[in-house]
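Structural characterization, general
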Amino acid sequence: MKLIYTNENCFLVGNIKNIVQRKGIPVVLKNEFLSGGSGDLAPHDTWLELWVVNDADYDQAMSIIQDFNDPIDREDWICSSCGEKNSSSFEFCWNCQTDDANKGRQ
Ligand SMILES: [Zn+2]
């Protein structure tokens, strides 16, 4: 197992997880159950971590994340379910979690 991504924002880590999984790469989240009510831990200790199960998938997973972080050709989109504006980096509506990133783009 190798760590491929971590962020203090659980939503971003979950978003990356969905994107990598869609490419058929098995991943697991760590620290998933530590993010609430852990006031005694340093903040970094509670960051969600995304790991690839197979080390062989590491390079591909990292390139997927790199593509994701490169905002070329991506625009903000409007959720057709709740009407909220979403950043291009979100596959799911931040407000209602509708998987609408592609439908919402005109
Ligand atoms: Zn929405």
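See above for the structure.
So, here is what we can say about the structure in this document. As the structure is a prediction and not an experimental result, all values here were calculated from the model.

What follows is about the overall build of the protein chain. Across its full length, the protein chain carries two helices and five strands. Seen in sequence order, the protein chain has helices and strands lined up from the N terminus as β-α-β-β-α-β-β. Expressed as a percentage of its 106 residues, the buried residues of the protein chain come to 33%. Sequence separation of 24 or more characterises 49% of the internal contacts of the protein chain that already satisfy a separation of 6 or more.

On to the coordination of the zinc ion, then. Protein-derived ligands of the zinc ion are Cys79 (SG), Cys82 (SG), Cys93 (SG) and Cys96 (SG), with the metal-ligand distances lying across 2.2 to 2.3 Å. In this structure, the zinc ion is coordinated by four donor atoms arranged in tetrahedral fashion, with angles at the metal of 105 to 116°. For the zinc ion, the donor residues sit on a single chain with the sequence spacing C-x2-C-x10-C-x2-C.

Before going further, it helps to spend a moment on helix H1 (residues 10-22). For H1, built from 13 residues, the straight-helix expectation of 18 Å at 1.5 Å per residue is met to within 8% by its first-to-last C-alpha distance of 18 Å. Within the span of H1, buried status applies to Leu12, Val13, Asn15, Ile16, Ile19 and Val20. Projected down its long axis, H1 carries its buried residues within an arc of 160°, all on one side. Looking at the buried side of H1, the elements it contacts are strand S1 (2-7), strand S2 (27-30), strand S3 (48-52) and helix H2 (58-69). Measuring from the backbone nitrogen of Phe11 back to the side-chain oxygen at the start of H1 gives 2.8 Å, which picks out Asn9 as the cap. Taken from the residues just after H1, Gly24 is the one with a positive phi, measuring 85°.

What counts and how
- Residues numbered from 1 in each chain as written.
- Predicted model: local features only at pLDDT ≥ 70, side-chain atom pairs only at ≥ 80, totals over all residues.
- Heavy atoms only, no water.
- Helix = DSSP H or I, 4+ residues; strand = E, 2+ residues; numbered from the N terminus.
- Buried < 20%, exposed > 50% of the residue type's maximum accessible area, 1.4 Å probe, protein only.
- Contact = heavy atoms within 4.5 Å.
- Donors = N, O, S within 2.8 Å, 3.2 Å for Na, K, Ca; no water.
- Tetrahedral: all angles 85-135°; square planar, octahedral: opposite > 155°, others 65-115°.
- Expected span 1.5 Å × (residues − 1).
- Arc of directions from axis to C-beta.
- Polar contact = N/O pair within 3.5 Å; in protein donor to acceptor, adjacent residues only side chain to side chain.

Any link to function would need more than the numbers given here.
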